[in-house]
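Each chain, written out:
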Amino acid sequence: LTGIPGLQHLHLWMSFPFCILYLVTLAGNSTLLCLIKADPSLHLPMFLFLSMLAVTDLLMSTSIIPKMLGIFWFRSTAISLDACLTQMYFVHTLSMMESGLLVAMAFDRYVAICNPLRYLSILTSPMVAAIGLSTLLRAVVFMSPLTSQILRLPLCSPAVVDHSYCEHMAMLNLACGNAAFSHTYILSVATYVVSFDSLLIAISYAFVLRAVLSLSSPRACKKAFSTCGSHLCVMAFFYIPGLLSMYMERYHQELPPHIQVLLADFYLLIPPAFNPLIYGIRTKQIRDGARRVISRRR
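These remarks concern the structure in this document. Everything numeric here is computed off the predicted structure, so don't read it as measured data.

## A few points about the overall build of the protein chain
Thinking step 1. Helices and strands together make up the secondary structure of the protein chain, namely 11 helices and zero strands.
Thinking step 2. Ordered by position from N to C terminus, the α and β elements of the protein chain give α-α-α-α-α-α-α-α-α-α-α.
Thinking step 3. A globule of 298 residues ought to have a C-alpha radius of gyration of about 19 Å, and the protein chain, at 21 Å, matches this closely.
Thinking step 4. Across its three principal directions, the C-alpha atoms of the protein chain cover 65 × 45 × 35 Å.
Thinking step 5. Looking at the protein chain as a whole, 49% of its 298 residues qualify as buried.
Thinking step 6. Partitioning the intrachain contacts of the protein chain with sequence separation of at least 6 by distance along the chain shows that 76% fall at a separation of at least 24.
Thinking step 7. A total accessible area of about 14600 Å² is found for the protein chain, and carbon and sulfur atoms account for 70% of it.
Thinking step 8. Averaging the locations of the 20 positively and 12 negatively charged side chains of the protein chain gives two centres separated by 16 Å.

Below is the structure:
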């Protein structure tokens, strides 16, 4: 692994913001999980989905950043093929799980605001578990063929991946055989997931905003726009750079490689750091739950 191609001389300086992002991700998501577990009033579908998202964010960041920091700090660029394929599988599977959970959380907000009286009857514990399991199964079904396809392709030497982690498109650049099917498959899956999930999220928030705009309270409308806007911004930062990085890797070889690598890094590292803030600390129930837990400890 080369790290960030063309910017190796800046690796040491770039390691600090990456390290800070990882520490914020660990602290924010771990605190959120402990808080939801400690306060029984937070054992609601919304916060169960948030717990799933926090676990996914922790695993996704941990599968990337420690090795990345090893490259930046110690020039530990070597990685075995098995470890590289394992990292690639977990990174892409977890990122697809994250997308599915964002859809689930948007659906949860739709039910809570548009059908509040039926909220707990629709999102029962078995239903929440089924939705969580379906996001996992979808990710496994779509991502497992990627690893098997690379295993069947002969890899050329030198085995140098021009990336900071084992990203699928960068791995395919090492293939000596015809990798056209693999390229088409990953781009098709990525486009489908981003388009389909983004559409479902947009529809859910459109219904939410329509319901809120029917209220007479300007304060409620302002709060709803603020909440939905922050949610959509962090989602856009997850979807747009991820899809762009794949298309740039495939079709825009003349662009500086560090641009594609940084885009691929940002879409996996920034949302996990900001999700606890956007979905957690800004939520009144989370703040009230934190006060209750702290008061009980005292």
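## Some details on helix 4 (residues 81–114)
Think of an α-helix as 3.6 residues a turn; residues three or four steps apart then line up on the same face.
Thinking step 1. Over its 34 residues, helix 4 runs 49 Å from end to end, which matches the ideal 50 Å to within 8%, given 1.5 Å per residue.
Thinking step 2. Across the 34 residues that make up helix 4, a large majority, 24, are buried.

## With respect to the nonpolar core
Thinking step 1. Grouped together as the largest cluster of nonpolar side chains are 90 residues, with contacts concentrated most on Leu50 and Tyr279.
Thinking step 2. Tallying contributions element by element places helix 4 first for this core, with 15 residues.
Thinking step 3. In contact with Tyr279, not counting residues within four places along its chain, are Leu50, Leu53, Leu102, Met105, His231, Val234 and Met235.

Rules used throughout
Residues numbered from 1 in each chain as written. Predicted model: local features only at pLDDT ≥ 70, side-chain atom pairs only at ≥ 80, totals over all residues. Heavy atoms only, no water. Helix = DSSP H or I, 4+ residues; strand = E, 2+ residues; numbered from the N terminus. Rg over C-alpha atoms; globule rule 2.2 N^0.38 Å. Buried < 20%, exposed > 50% of the residue type's maximum accessible area, 1.4 Å probe, protein only. Contact = heavy atoms within 4.5 Å. Areas by Shrake-Rupley, 256 points an atom, 1.4 Å probe, with all protein chains shown as cover. Lys, Arg positive; Asp, Glu negative; His and termini not counted. Charge placed at Lys NZ, Arg CZ, Asp CG, Glu CD. Expected span 1.5 Å × (residues − 1). Core = buried A, V, L, I, M, F, W, Y, C linked by side-chain atoms within 4.5 Å.

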